[in-house]
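Chain residues, written in single-letter form:
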Amino acid sequence: MRLKRHKPGLKQFGRLVYSLILLSMIFAFTGCTGKGDLTFNPLPDGSEFTIAGKINLSEIVETDLAGSVRAELAAISDFSGFTVSAAGITARAAKDGSFSLKNVPFSESMLLKAQADKIVLMRRVSEDELFYSDLSSMELGLQTTAEALVWQQGVVLDKNLTAADIRAREYESQITAIVTALKLSLQLAEASVAKTVVDLPAIVNPAKTAAANILEREIVLRDANSVLRHIMIRKDIDMLKVYISASFGNDWDSSSSWDDVILHFTGLFEDFTFEEIGWKITDMEFLPDSRARVRTEVAVKLKSLASEEIVRQKTYVFDALWRKEGNFWKVYRNMPYRDTHPTQVGADARWGEIAEAHRELQAALAVENLEVFSHRISQVFGNDWDVTSTRNDLLVTAQSRFNAMDVKVAGYSLDSVEFIGTDRANVTCSAQVRVISLIPGIDIDSGPIKAIVEWRKEEGVWKIFRNLPYRFTHPVNLN
């Protein structure tokens, strides 16, 4: 008897379609292994890089360590015997030591290596470097080799040590010791080096010790910066209170404090929203006393909730100081947050010297200390808008104010500094002073003051040289 074949119903048809889709997805996301199985293979990353640079080895070496038929102590003049490799891609170095590797695939553990027989030079290339750094001028030398060796030993210890971690100042002597050991090893007889110079116990052991001592800090700090960015996006004032140090301050703004930061962002979060906020770390340096300098580039686009208009759009570049307090990294100093705060990096000592001079003057104003003013005003001080403005007139005016009035408010911010040569600077600043006249007992307010004050370094001391408004009759908007 022939069995009657039934056509699949709607439910069975749906299951069939689902099975076919699932099967096609399995084939799409698996590779053919040659064995006919359906083992999942990792998808290729797809990122490829060109890495170029130069071998830098000027030290005296035992030439037969590099495969030379003639053994002598001499500097290498021809680097064409070196093979450079990274992530399975190899190329010969040119005579001058330059090299170029093309189509280098992405690798989380990339190590750039140059080898000639028993001489090996290395450089760790991190993920951040691959995607965000110039890969056309990578240098291979003893310093990069020492750092790469420490990174390798860190991996063995299950530590992800970054370049910033390894280059921290407190470990500088340990890295220098490895470099010195490498220099000495390069002068050994060929028979004394069984494999390569970097496999010698004199090199491996100090690298192990350094890796054990060095703390993992960069990744934690990068995570903290990421959290800080998301705090701004989420407008989470409670989390912000945790990430700002109670001792927070800014070199350029003496009114900056933990209270001022929280007060500012409380109001900002209520009335504005971050339409965009880019946050990029461009450099990091670890300092003594559990501190770190983090050069940060923050691009901000701020929108008013009331008008729905963009009210602030600028990019701040700053060297934030973070400090580890207990087990937690917090912003300790130099994070701009107000519209009047500088958008430039005050990287050299002159910025700090001028900022310190401003702090001295503001403190002197609060306690009516004329000696500080006398020290910080140039003998040839003058104003472009007032021929009667002189150093003597400024000091006499200040003394008369101290006698007749008490300072109630002395707000101040340093917005930017433009250096002219080595001993002059135009300082754009904002200020507001409110005093109480003692005899009538009334307040006198300068109102907001904007000025570009010229400073000059005289006998090693930064002094106000020109264009400081100090009388109530002087112009208050000099931008």
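Peer 1: Describe the overall build of the chain, and please don't skip the residues or the numbers.
Peer 2: Within the chain one finds 12 helices and 20 strands. For the chain, the residues scored as buried account for 41% of the 479 residues in total. Within the chain, residue pairs in contact and separated by at least 24 positions form 62% of the contacts whose partners lie at least 6 positions apart. For the chain, the computed accessible surface area is about 25700 Å², with 53% contributed by carbon and sulfur atoms.

Peer 1: Now, about the nonpolar core: what can you tell me, with residues and values included?
Peer 2: Grouped together as the largest cluster of nonpolar side chains are 89 residues, with contacts concentrated most on Ile55, Leu57, Leu112, Leu228, Leu240, Phe265 and Trp322. Excluding anything up to four places from it in sequence, Phe265 contacts Met232, Ile237, Leu240, Phe274 and Tyr337. Among the nonpolar cores identified, the runner-up in size contains 26 residues, and Ala355, Leu394, Phe402 and Leu414 belong to it.

Peer 1: Please provide a residue-by-residue account of the packing of aromatic side chains, values included.
Peer 2: Taken as a whole and judged by the stated rule, the model has 10 aromatic pairs. Here Phe248 and Tyr337 contribute two aromatic rings whose centre-to-centre distance is 6.3 Å and whose plane-to-plane angle is 55°, an arrangement assigned as tilted. Of this pair, Phe248 sits in strand β10 (residues 244-249) while Tyr337 sits in the loop between β14 (328-333) and α10 (349-367), and the two are 89 residues apart along the sequence. Neither Phe248 nor Tyr337 differs from the other in exposure class; each is buried. Three or more aromatic residues joined by ring pairs make a cluster, and in this case those are Phe248, Phe265, Phe269 and Tyr337.

Peer 1: Kindly report on the pairing of strand β8 (residues 119-124), identifying the contributing residues and their values.
Peer 2: Of all 6 residues in β8, 6 are buried, a share of seventy percent or more. The alternating pattern of β8 places Ile119, Leu121 and Arg123 and Val120, Met122 and Arg124 on opposite faces, both of which are buried. In terms of strand pairing, strand β7 (residues 111-116) meets β8 through 6 bridges, oriented antiparallel. Bridge assignment links Leu111 to a residue of β8, and that residue is Arg124. The antiparallel hairpin formed by β7 and β8 contains 2 residues in its connecting segment, where Asp117 sits at a positive phi of about 55°.

Peer 1: Could you give me a rundown of the environment of Thr176, with the residues and numbers involved?
Peer 2: If you trace the backbone, Thr176 turns up in helix α5 (residues 172-185). A relative accessible area of 42% places Thr176 in the partly exposed class. Expressed as a C-alpha distance, the spacing of Thr176 and Leu142, which sit 34 residues apart in the sequence, is 9.8 Å. Polar contacts involving the side chain of Thr176 include one to the main-chain carbonyl oxygen of Glu172, which spans 2.8 Å.

Peer 1: So what's going on with the pattern of salt bridges? Which residues, and what values?
Peer 2: Counted under the stated rule, the structure contains 24 salt bridges. With its nearest N and O atoms 3.1 Å apart, the salt bridge here joins Glu285 to Arg293. With a relative accessible area of 22%, Glu285 lands in the partly exposed category. Owing to a relative accessible area of 16%, Arg293 belongs among the buried residues under this scheme. Arg293 is the salt-bridge partner of Asp319, the closest N and O atoms lying 3.4 Å from each other. With Asp319 in strand β13 (residues 310-325) and Arg293 in strand β12 (residues 291-304), the pair connects residues that are 26 residues apart, well separated along the chain. No difference in accessibility class separates Asp319 from Arg293, as the two residues are buried. Within the structure, one salt-bridge network assembled from shared partners comprises Arg169, Asp283, Glu285, Arg293, Arg295 and Asp319.

The rules behind each value
- Residues numbered from 1 in each chain as written.
- Predicted model: local features only at pLDDT ≥ 70, side-chain atom pairs only at ≥ 80, totals over all residues.
- Heavy atoms only, no water.
- Helix = DSSP H or I, 4+ residues; strand = E, 2+ residues; numbered from the N terminus.
- Buried < 20%, exposed > 50% of the residue type's maximum accessible area, 1.4 Å probe, protein only.
- Contact = heavy atoms within 4.5 Å.
- Areas by Shrake-Rupley, 256 points an atom, 1.4 Å probe, with all protein chains shown as cover.
- Core = buried A, V, L, I, M, F, W, Y, C linked by side-chain atoms within 4.5 Å.
- Phe/Tyr/Trp six-rings, centres within 6.5 Å; stacked < 30°, edge-to-face > 60°.
- Pairing = 2+ DSSP bridges.
- Polar contact = N/O pair within 3.5 Å; in protein donor to acceptor, adjacent residues only side chain to side chain.
- Salt bridge = Lys/Arg side-chain N within 4 Å of Asp/Glu carboxyl O.

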